[in-house]
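Observations on the model geometry
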Amino acid sequence: MLTKQEIKQLKEDKLDDLYAELKQSKDNRTIQFILENLGKLPDSFDGDILLPFLVHSHDDIRLWAVKNLGKIQDTQYLDVLSEVAQNDDDSMVRREAISSLGRMRDRKTIPVLLESLIDSDPKITLQAIRGLLVFKHTSKIEAELQQLQNHPNEMIQEVITRELSLNGKKSEIKYPHPMSPDSMKNTVVHGDVRDTLQVVPADSIHLTFTSPPYYNARDYSIYVSYEAYLDFLTDVFTEVHRVTKEGRFLIVNTSPVIVPRFSRAYASKRYPIPFDLHARLTSIDWEFIDDIVWAKPETSVKNRNAGFLQHRKPIAYKPNPVTEYLMVYRKKSEKLIDWNIKQYAFETIEQSKVGDGYETSNLWQIDPTFNKIHSAVFPNELCNRVIKYYSLVGDLVFDPFGGSGTLGKVAYELKRHFFLTEMDNTYFEHIKRSFGGQPLFDEFPPRFLSLDEFSQTVSNFETLFE
Ligand SMILES: C[S@@+](CC[C@H](N)C(=O)[O-])C[C@H]1O[C@@H](n2cnc3c(N)ncnc32)[C@H](O)[C@@H]1O
């Protein structure tokens, strides 16, 4: 069998020998290997050599033959490729044929591309859309593509909406991407997050990391029902979406919770908060990015296993829950993460780079932290990782359910600005005390405001800015 180097040599110096190898070979592996390794084809390459392979019994050989014909970008192969696009048994081969037709960028390909739009396989339709987008300024093609905006496939819908600018979104962005309002920097507001967010300008926040109340499993918030609890969180995260900058992140720490049983005649009830909240978040344009599992040592969690340890009866098995979720979402955007990064100055990117020893997996083993004042605080290390991996120096980092203020303290140490809201006066006062020793010469020393004071500051600042 020829080596890659030999194929390269033949392609450059002895094309006839290469053609002979392809014609004479009876071994599928050899044929596929040559076709796969042809690389960029010389101008003098004779595409006709590939034609017999378009009807080969082996799917991969047909696929590679089509790929190589596509590189030639010659309309003389339009008919044969159209035939493959319409009739091949294998959908990957058909898709490749449509891609090859698209590469021709020739109006003669339009009829077959249009026909491929109605394929039952979404990847064929997507490939045909790609080819047709070259002609989207023609009203006929635009009208044909527009019809796909209600296609059942979500990727097709997204591409059509974006490519034909059907989303009607106008940019309301007020601040350059790395900037945030000074009125919010290093500020803790005492009040209900829903009221506070009403006065926060759109596109202000770079990162939100939060651990919401655990439904009715702890004592600080009581909701009338689980549905009402999910509605409450949906309202909060809808507003968080509005105030988040384009394409930036929301990370929500939750875990299933148990609400104790009513009496011995009842079972306790377990609520799968991360999973139910997930559906709510994606429905309000938070795009799911990752699930990180925070694992704690088994000795640090409540033991639910004592009964089973004794009786060992199946079905009554109860594992100790040592994990919580950090669900990672991005504000849905047409822009890639690369765009977000490019908005920053070179020095900011350099200063923000994550050093060696960072966590490479989505399993984060971190000991929990216990605090006398607050029963559910973030460990510093959890905040440390989230802030370092999902924000840059100088960004504004938000926790709507501030609690003891851990996120704020770690953000401050990592040269980010923080913005926290906390409803409970004891916790608010606790955050205030814990920032007591911070230097006052900072450009934005920590501030602790009532909702009224905060509203006043924001409106003064906004007037100045306008
Ligand atoms: C799970 S704790 C967060 C703990 C925090 N991550 C920490 O490190 O200390 C949730 C917090 O949200 C607060 N909270 C509940 N409902 C709120 C609301 N509507 N607005 C603001 N804070 C609220 C509670 O008082 C509680 O301190």
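Note that the structure is a prediction, hence the values are computed from the model and not measured.

Per the secondary structure count, the chain includes 20 helices and 11 strands. Its C-alpha atoms give the chain a radius of gyration of 30 Å, clearly above 23 Å, the size a compact globule of 466 residues would have. Overall size of the chain, expressed as C-alpha extent along the three principal axes, is 85 × 70 × 45 Å. Excluding contacts between residues fewer than 6 apart, the proportion of contacts in the chain whose partners are at least 24 apart in sequence is 68%.

Parsing the chain into structural domains produces domain 1 (46-163) and domain 2 (182-465). Each of domain 1 and domain 2 was reduced to a C-alpha centroid, and the two centroids are 46 Å apart.

Time to look at the nonpolar core. Counting 54 residues, the largest nonpolar core has Leu250, Ile251, Cys383, Val397 and Leu407 as the members making the most contacts within it. The element that contributes the greatest number of residues to this core is helix H12 (residues 226-243), accounting for 6 residues. Discounting chain neighbours no more than four positions away, the residues touching Val397 are His206, Leu207, Phe209, Ile387, Ser391, Leu407, Ala411, Arg416, His417 and Phe418. Among the nonpolar cores identified, the runner-up in size contains 32 residues, and Ile61, Val84, Ala97 and Val159 belong to it.

For the ligand, the set of nearby residues contains 19 residues, the closest of which are Phe401, Gly403, Ser404, Thr406 and Met423. In terms of residue class, the shell around the ligand is made up of 9 nonpolar, 7 polar and 3 charged.

Between helix H8 (residues 122-132) and helix H10 (residues 154-163), whose axes approach to 10 Å, the crossing angle comes to 15 degrees. As summarised for this structure, H8 and H10 are arranged roughly parallel, according to the angle between their axes. Remark: the crossing between H8 and H10 carries left-handed chirality. Contact with H8, carried on its side by Pro122, Thr125, Leu126 and Ile129, involves Met155, Ile156 and Val159 of H10 and no other residues of that element. Residues of the contact of H8 with H10, tallied by class, amount to 6 nonpolar, 1 polar and no charged.

Let us look at the environment of Val240. Structurally, the position occupied by Val240 is in helix H12. Between the alpha carbons of Val240 and Val200 there is a distance of 9.5 Å; along the sequence they are 40 residues apart. Beyond its immediate chain neighbours, meaning those up to four positions away, Val240 contacts Thr208, Leu250 and Pro400.

Quick look at the sheet that holds strand E7 (residues 323-331) now. One open sheet accounts for 9 strands, arranged E8-E6-E7-E3-E2-E9-E10-E1-E11; its pairing is mixed. Of all strands in the sheet, those with a lone pairing partner are strand E8 (363-365) and strand E11 (447-450), marking the two edges. Between one strand axis and the next, the sheet turns through 20 degrees on average, direction left out of account. Taken together, the 4 bridges between strand E9 (residues 396-399) and strand E10 (residues 417-422) define a ladder with parallel strand orientation. Residue pairing across strands places Asp399 opposite Leu420, the latter belonging to E10. Of the strands in this sheet, strand E1 (187-190), strand E2 (205-210), E9 and E10 touch helix H18 (residues 406-413), which is tilted by about 170 degrees from E10.

Where H12 contacts helix H13 (residues 273-283), the two axes come as close as 10 Å, and the packing angle between them is 40 degrees. Put simply, H12 runs oblique to H13. The way H12 lies across H13 gives a crossing that is right-handed. Two secondary-structure elements touch here, H12 through Leu230, Leu233, Thr234 and Phe237 and H13 through Asp276, Leu277, Arg280 and Leu281. Broken down by class, the residue content of the contact of H12 with H13 amounts to 5 nonpolar, 1 polar and 2 charged.

Cut-offs and rules
- Residues numbered from 1 in each chain as written.
- Predicted model: local features only at pLDDT ≥ 70, side-chain atom pairs only at ≥ 80, totals over all residues.
- Helix = DSSP H or I, 4+ residues; strand = E, 2+ residues; numbered from the N terminus.
- Rg over C-alpha atoms; globule rule 2.2 N^0.38 Å.
- Contact = placed C-beta atoms within 7 Å.
- Domains from an automatic or database assignment.
- Core = buried A, V, L, I, M, F, W, Y, C linked by C-beta atoms within 7 Å.
- Buried ≥ 20, exposed ≤ 12 C-beta atoms within 10 Å, placed from the backbone.
- Near = placed C-beta within 6 Å.
- Nonpolar A, V, L, I, M, F, W, Y, C, P; charged D, E, K, R; others polar.
- Axes fitted to C-alpha atoms, helices over the stretch in contact; angles between N-to-C directions.
- Parallel < 35°, antiparallel > 145°, perpendicular 65-115°, else oblique.
- Left-handed = near helix turned anticlockwise from the far one by under 90°.
- Pairing = 2+ DSSP bridges.

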